[in-house]
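Tertiary structure, described
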Amino acid sequence: MLNKRYFFIYSLLMTAVVVASNFLVQHPVNGVLAGINLADLLTFGAFTYPIAFLVTDLTNRQFGPQVARRVVLVGFIAGVLLSILLATPRIAVASGTAFLIGQLLDISVFNRLRQQSWWKAPLMGSLIGSAFDTVIFFSLSFAPVFGFIGPNDDFAIAAAPILGVMSAEAPRWISWAIADFGVKMLIGVIMLLPYGALMSVVRPMPTAARSV
């Protein structure tokens, strides 16, 4: 009964993060940083989405990878349903694939490092998961080679200065991916604060480290 209650709580938190991110991705970040127009590169969804890794890591810490994978599956289903309603089929495929692979990698890395220093498992898990999430999402969404999934976005694949300020040029989606991953790394480091604060509350169950 206790495990089911916590599973429901973690699933609810994961769903809330996915829903919030799908809503906030529609709103660009207005501002300029070091000459970079953030509205051209980022949405507020980039700042909430990485919280999903915190939810996954806390679930993994307390109950192990099996339960964490079930929570990820809940988030995956919620994300796919929202993407179908709010985005194109190509974006929906990219979003669901990136989320699932990124979160499952996070679980795997976390589980391998869980016996080391307290910060290594959540930090490395989220960073590696985020890296794959970013590459998979932006490649599937915009790279012309994946045009068989859906029509290419001419604006996304058009060449422009990297991050809008560099002399070198690349397709716009490359700059979007770089900015997105930069935010994920920043949030991944920040999320160590709530993770560390919750360690004394979210204690591993006896079978957590042994489950596979």
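Just above, that's the structure.
Report on the accompanying structure. Only a predicted model underlies this, so the values are computations on that prediction, with no experimental measurement involved.

So, about the overall build of the protein. Scanning the protein from terminus to terminus reveals nine helices and four strands. In sequence order, the protein lays out its α and β elements as α-β-β-α-α-α-α-α-α-β-β-α-α. Here the C-alpha atoms of the protein give a radius of gyration of 18 Å, agreeing with the 17 Å that 2.2 N^0.38 yields for 212 residues. Burial statistics for the protein: of 212 residues in total, 45% are counted as buried. Taking as baseline every contact in the protein between residues at least 6 positions apart, the subset at least 24 positions apart corresponds to 70%. Summed over its atoms, the accessible surface of the protein is roughly 10900 Å², and 72% of this surface lies on carbon and sulfur atoms. Computed over 13 positive and 8 negative side-chain charges, the inter-centroid distance for the protein is 23 Å.

It is worth spelling out unusual backbone geometry at this point. One non-glycine residue, A34, adopts positive backbone phi at about 55 degrees. Along the polypeptide, A34 turns up in the loop between β1 (32–33) and β2 (36–37). By relative accessible area, A34 is classed as exposed at 75%. Positive phi outside glycine occurs at L163, with the angle close to 60 degrees. Tracing the backbone through its elements, the reader meets L163 in the loop between β3 (159–161) and β4 (169–171). A relative accessible area of 15% means that L163 is categorised as buried.

A separate point is the side chain of S141. Turning to its location among the elements, S141 is positioned in helix α6 (residues 120–142). When its relative accessible area of 4% is taken as the criterion, S141 is described as buried. When sequence neighbours within four positions are dropped, the list of residues in contact with S141 reads R90, I91 and A94.

Let us look at helix α8 (residues 172–190). For α8, which comprises 19 residues, the first-to-last C-alpha distance of 28 Å matches the rise-based estimate of 27 Å (1.5 Å per residue) to within 8%. Taken together, the buried positions of α8 are W173, S175, W176, A177, A179, D180, V183, K184, I187 and G188. Residues of α8 that are buried make contact with α2 (45–48), α6, α7 (154–157), β3, β4 and α9 (192–198).

A few words on the environment of I107. The residue I107 is located in helix α5 (residues 89–113) in this model. The exposure class of I107 is buried, given its relative accessible area of 1%. Those residues in contact with I107, other than ones at most four positions away along the chain, are T56, N60, P65, A68, R69 and V72.

To continue, consider the packing of helix α4 (residues 65–86) against α5. Direction vectors running N to C along α4 and α5 enclose 165 degrees, while the axes themselves pass 9 Å from each other. Classified by the interaxial angle, the pair formed by α4 and α5 is roughly antiparallel. Classified by chirality, the crossing of α5 by α4 is right-handed. Residues P65, A68, R69, V72, G75, F76, V80, S83 and I84 of α4 pack against A92, S95, G96, F99, L100, Q103, L104, I107 and N111 of α5.

So, about the nonpolar core. Ranked by size, the top nonpolar core spans 52 residues in total, and within it Y10, L41, L42, F99, F138, W173 and W176 carry the most contacts. Elements that contribute at least two residues to this core include exactly α1 (2–24), α3 (51–63), α4, α5, α6 and α8. Broken down by element, this core gets its largest block of residues, seven residues, from α5.

Procedures and definitions
Residues numbered from 1 in each chain as written. Predicted model: local features only at pLDDT ≥ 70, side-chain atom pairs only at ≥ 80, totals over all residues. Heavy atoms only, no water. Helix = DSSP H or I, 4+ residues; strand = E, 2+ residues; numbered from the N terminus. Rg over C-alpha atoms; globule rule 2.2 N^0.38 Å. Buried < 20%, exposed > 50% of the residue type's maximum accessible area, 1.4 Å probe, protein only. Contact = heavy atoms within 4.5 Å. Areas by Shrake-Rupley, 256 points an atom, 1.4 Å probe, with all protein chains shown as cover. Lys, Arg positive; Asp, Glu negative; His and termini not counted. Charge placed at Lys NZ, Arg CZ, Asp CG, Glu CD. Expected span 1.5 Å × (residues − 1). Axes fitted to C-alpha atoms, helices over the stretch in contact; angles between N-to-C directions. Parallel < 35°, antiparallel > 145°, perpendicular 65-115°, else oblique. Left-handed = near helix turned anticlockwise from the far one by under 90°. Core = buried A, V, L, I, M, F, W, Y, C linked by side-chain atoms within 4.5 Å.

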